[in-house]
Amino acid sequence: MQRLTKSAPRKSSMAPPSCFCDRPSKLMTAWRDANPGRSKIRTGACVFWRWFDPPICPRSRQIIPGLLRRIKELKDQLRGLKLQDQGM
Ligand SMILES: [Zn+2]
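Not measured: the values here are computed from a predicted model.

Caption draft 1: Region of the structure containing helix H1 (residues 58-87). For H1, with 30 residues, the first-to-last C-alpha span of 45 Å sits near the 44 Å given by 1.5 Å per residue. Burial analysis of H1 places just zero of its 30 residues in the buried class, which makes it a mostly uncovered element.

As structure tokens, then:
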């Protein structure tokens, strides 16, 4: 459901639409759902949000979570090494 204003705003594909609370919306990146890395628009002030990017293709949906897992593993390893380093 998209809100339409009476005075037609200049059409720009980059300008996020305003939501119900009329606060400036922000472009966020989703990482934890079925569309990792896909950008969505929200204000953080209300429940309104909508996708900004087109849907993630099945291949990316399969690969990105694997990459995220790998990053997490490496971060954990790094944290372990730092702790080891501090202990010496
Ligand atoms: Zn809002």
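Caption draft 2: Broad picture of the environment of Asp22. Take Asp22: it is sitting in the segment before strand E1 (26-29). C-alpha of Asp22 to C-alpha of Cys46: the two residues are 24 residues apart in sequence and 9.6 Å apart in space.

Caption draft 3: The sheet that holds strand E2 (residues 39-42), seen in detail. Spatial strand order, E1-E2-E3: three strands in an open sheet with antiparallel pairing. If you trace the sheet from one side to the other, it starts and ends with E1 and strand E3 (49-51), each paired once. On average, each strand axis in the sheet is inclined to that of its neighbour by 30°, with strand direction left out of account. Looking at chain direction, E1 and E2 are connected through four bridges and run antiparallel. Bridged to Lys26 within E2 is Arg42.

Each value, and the rule that gives it
- Residues numbered from 1 in each chain as written.
- Predicted model: local features only at pLDDT ≥ 70, side-chain atom pairs only at ≥ 80, totals over all residues.
- Helix = DSSP H or I, 4+ residues; strand = E, 2+ residues; numbered from the N terminus.
- Expected span 1.5 Å × (residues − 1).
- Buried ≥ 20, exposed ≤ 12 C-beta atoms within 10 Å, placed from the backbone.
- Pairing = 2+ DSSP bridges.
- Axes fitted to C-alpha atoms, helices over the stretch in contact; angles between N-to-C directions.

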